[in-house]
Amino acid sequence: GSHKKIPVISLQRSVFFSKGIGVTFNAIENGVQHPSNKALKWPNFQKSCKLMIEPQFTFTSSGIMVGPNSSRPKDNKGLLKLYTTPEEAFEVQSENELLFLHALYALMDKNLGFIEANFSNRILNFFVVLDDNWDTLVEVIETGRLPKDLKIKEEIRKKLNSKMKPDLDRAQELKAIRQGRRDSVKRNHTKAMMSDDAKVSLARKVWPNLHTILASETGAFQIYGEKLRQQYIGTDITIYSPLYAATEGLIGVNPDINGKTYVLQPQAMFYEFYPIDKASDDDTIDPEKTFFIEELESGKDYEVIISNLTGLYRYRFGDVIRCVGYHHKAPIVEVAYRKGQFLNASGERTSEESFYKALSNTVINDWNVILVDYTTVEYFLEGNRKPRYVVFVELTDGANGSNQVERLITKKEKMKLDKALERENQTYKVLRDIGRLQPIEVIALKRGTFEKVRQKMISYGVGATQIKQPRVTRDEELIKILEEGRIS
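Computed from a prediction, not measured in an experiment: that's the story for all the values here.

A.B. asks: Please set out the packing of aromatic side chains residue by residue, giving values where relevant.
C.D. replies: Under the counting rule described, the total for this entry stands at 16 aromatic pairs. Pairing Phe355 with Tyr374 gives two aromatic rings, centres 5.9 Å apart and planes at 25°, and the pair type is stacked. Taken as a pair, Phe355 in helix α10 (residues 352–367) and Tyr374 in strand β14 (residues 370–380) lie far apart in primary sequence, 19 residues in all. Exposure class is identical for Phe355 and Tyr374. Each is buried.

A.B. asks: I'd like to hear about the environment of Lys4, residue by residue, with values.
C.D. replies: On the secondary structure map, Lys4 appears in the segment before α1 (10–31). The partly exposed category is assigned to Lys4, whose relative accessible area is 39%. Residues Lys4 and Glu54, 50 residues apart in the sequence, show an inter-C-alpha distance of 19 Å. In contact with Lys4, not counting residues within four places along its chain, are Glu248 and Tyr315.

A.B. asks: Break down the pattern of salt bridges for me, with residues and values.
C.D. replies: All chains considered together, the criterion is met by 31 salt bridges. Residues joined by salt bridges that share partners form a network here, namely Glu95, Arg122, Glu451 and Arg454.

A.B. asks: Go over the side chain of Glu352 with me, naming the residues and quoting the values.
C.D. replies: You can see Glu352 is positioned in helix α10. For the buried residue Glu352, which engages in no salt bridge, the nearest side chain bearing the opposite charge is Arg471, 5.1 Å off. Beyond its immediate sequence surroundings of up to four residues, Glu352 is in contact with Gly219, Ala220, Tyr337, Arg338, Gln341, Tyr374 and Arg471.

A.B. asks: Can you lay out α10 for me, pointing to particular residues and giving the numbers?
C.D. replies: All of the buried residues along α10 are Glu352, Ser354, Phe355, Tyr356, Ala358, Leu359, Ser360, Thr362, Val363 and Trp367. The positive-phi residue at the C-terminal boundary of α10 is Asn368, with phi of around 55°.

A.B. asks: Any chance you could break down the sheet that holds strand β7 (residues 243–246) for me, citing the residues and the numbers?
C.D. replies: Judged by pairing direction, the sheet is antiparallel, and its seven strands sit side by side in the order β7-β8-β9-β13-β12-β11-β10 without closing on themselves. Each end of this open sheet is capped by a strand with a single partner; those strands are β7 and β10 (270–275). Put simply, the sheet's adjacent strands are angled 45° from each other on average, direction ignored. Together, β7 and β8 (249–253) form the strand contacts of α1, whose direction differs from that of β8 by roughly 15°.

A.B. asks: Can you lay out the packing of helix α2 (residues 95–108) against helix α3 (residues 120–132) for me, pointing to particular residues and giving the numbers?
C.D. replies: Across the interface, α2 lies against α3 with an axial gap of 9 Å and an inter-helix angle of 75°. In terms of orientation, α2 and α3 fall into the roughly perpendicular class. Contacts between α2 and α3 pair Glu95, Leu99, Phe100, His102, Ala103, Ala106 and Leu107 from the former with Arg122, Asn125, Phe126, Val129 and Leu130 from the latter.

A.B. asks: Would you mind going over helix α13 (residues 449–459) in detail, with residue names and values included?
C.D. replies: One turn of the α-helix equals 3.6 residues, which is why residues spaced by three or four share an orientation. Along α13, the positions that sit buried rather than exposed are Thr449, Phe450, Val453, Arg454 and Met457. Considered in projection along α13, the buried side chains sweep an arc of 145° and stay on one side of the axis. Residues of α13 that are exposed and angled more than 90 degrees away from the buried face: Lys452 and Ser459. Once α13 ends, the next one or two residues include Gly461, with phi positive near 110°.

A.B. asks: Got a sec to walk through the sheet that holds strand β5 (residues 212–216)? Specific residues and values, please.
C.D. replies: Sheet architecture is open: four strands sit in the order β1-β4-β5-β6, paired in parallel fashion. With partners counted over all chains shown, the strands left at the sheet margins are β1 (48–50) and β6 (238–240), one partner each. Across the sheet, the mean angle separating the axes of adjacent strands is 20° when strand polarity is ignored. Bridge count for strand β4 (residues 114–119) against β5 is four bridges, and the pairing is parallel. Bridging from a neighbouring strand, Ile115 pairs with Ile213 of β5.

A.B. asks: A description of the nonpolar core should follow, citing residues and the corresponding values.
C.D. replies: Core analysis: the largest hydrophobic core is formed by 81 residues, its most contacted members being Leu101, Phe126, Phe127, Trp207 and Leu359. Sorting elements by how many residues they give to this core places α2 first, with nine residues. Contact partners of Leu101, with chain neighbours within four places excluded, come to Ala89, Val92, Leu146, Leu150 and Leu160. Core analysis: the second largest hydrophobic core is formed by 25 residues, Val253, Leu264, Ile321 and Val333 among them.

A.B. asks: Help me get a handle on the pairing of strand β13 (residues 330–338), residues and values and all.
C.D. replies: The pairing of strand β9 (residues 262–264) with β13 spans two bridges and is classified as antiparallel. Bridged to Val263 within β13 is Ile332. In this structure, strand β12 (residues 315–327) lies alongside β13, joined through eight bridges in antiparallel fashion. Counterpart to Gly325 in the pairing with β13 is Ile332. Taking the residues between adjacent antiparallel strands as the criterion, β12 and β13 are bridged by two residues, where His328 takes a positive phi near 55°.

A.B. asks: How would you summarise the environment of Glu451 if you had to cite specific residues and measurements?
C.D. replies: Assignment of secondary structure puts Glu451 in helix α13. Along the primary structure Glu451 and Gln469 are separated by 18 residues, whereas in three dimensions their C-alpha atoms are 9.8 Å apart. Setting aside chain neighbours within four positions, we find Glu451 in contact with Asn96 and Asn125. A distance of 2.7 Å separates a polar atom in the side chain of Glu451 from a polar atom in the side chain of Gln455.

A.B. asks: Summarise the side chain of Thr376; cite the residues concerned and give the values.
C.D. replies: With respect to the secondary-structure elements, Thr376 resides in strand β14. Classification of Thr376 as buried rests on a relative accessible area of 1%. At a separation of 2.5 Å, a polar atom in the side chain of Thr376 contacts the main-chain carbonyl oxygen of Arg471.

What counts, and at which threshold
Residues numbered from 1 in each chain as written. Predicted model: local features only at pLDDT ≥ 70, side-chain atom pairs only at ≥ 80, totals over all residues. Heavy atoms only, no water. Phe/Tyr/Trp six-rings, centres within 6.5 Å; stacked < 30°, edge-to-face > 60°. Helix = DSSP H or I, 4+ residues; strand = E, 2+ residues; numbered from the N terminus. Buried < 20%, exposed > 50% of the residue type's maximum accessible area, 1.4 Å probe, protein only. Contact = heavy atoms within 4.5 Å. Salt bridge = Lys/Arg side-chain N within 4 Å of Asp/Glu carboxyl O. Lys, Arg positive; Asp, Glu negative; His and termini not counted. Pairing = 2+ DSSP bridges. Axes fitted to C-alpha atoms, helices over the stretch in contact; angles between N-to-C directions. Parallel < 35°, antiparallel > 145°, perpendicular 65-115°, else oblique. Arc of directions from axis to C-beta. Core = buried A, V, L, I, M, F, W, Y, C linked by side-chain atoms within 4.5 Å. Polar contact = N/O pair within 3.5 Å; in protein donor to acceptor, adjacent residues only side chain to side chain.

Structure (structure tokens):
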């Protein structure tokens, strides 16, 4: 989305903690379960790997600090004792090097309890860095010395090396885990049934007492939660999506560690809701026809309009929620989609939710591969000028989810997706039938293309911990990166 400057005040942070974070602590205390260690309860002395980064701030002419509104190491240095990554490591400003250090200190702690980030895509990035750098990370644990080619300042390297000691036992454990994983992959290429050892996730082998991943996997982040389960964490480590929040303030809290919905927090801000007319292409609203928080109906979609503690008045920040019930008198909602993430090439208005459902089902059931990431572009073709969707995808195979699919998508596979879209959106089907929309185009991308998109977004000034891959891409620079990454 666009890079916005939203005011934040201390009262807003206080409400966020007391009305949001406090509720999530209660949910964790009541909900933490370990599949085999029934005695493990929370709170306890387990540490968390929190994937924070110290952002670079700018200042207005009057001295007001401008930057991402998310947890950062300098917020409360006393809390750093709760985390595996030491204070000195947070002096590293480069994203890849800091993720390497997060992975290193997490691997050192066999008793790790949590892994935390704002969004599940960052958790996935963490595991990719861990997996890709495994041998180097284990060597550091074995020798007690950081690699010479790690691009960090020398004074930071000296501080970290001075506090590091070789841990030969842990290094041997990790070597055995990697060798066992390689052996099980080889065995399962030739056997129809997976061995019991292969069914145990990488995360469970590395951290026997890891019980919770704290990160949002609702809405646009569902794809990353699914990828984490498929490739790294299995099904016995909970991904808890604790809060529905934005820079504008706290919106909802998830009181159930295993749930994917949020109870709206009426003490955080004042809400109004505008009912969504899915048949309408009009983005204007009638300010006299908004609903209050107690008037929502289950099963219906609404645009959220807020008036918050920092002075935003009747502010449309773009989210559409679906009411799914009530907790006492507070609505329970799920995030349906972002208004700007509609595909609307010819008046058909395909939502992010509908498109993802069609794509994910097709990828699994018809293409027999795993979806790593995707985005869509509305293209208008030369000549007859009839529009079509173009979806850019990164795919891996279904064996263990780690091998890049390096082939073109066939015409038959594309038509399977096109038919799935017709089932999800009847207007899309009508426009396809009468020829106003061309069949969908699918472009497979080389591994790492979406990481290049992510780095470009960071260069725009988006905080590394707040990156959200757009599901509809209209930025010309990002589209250029996607085009350059196609498999030919």
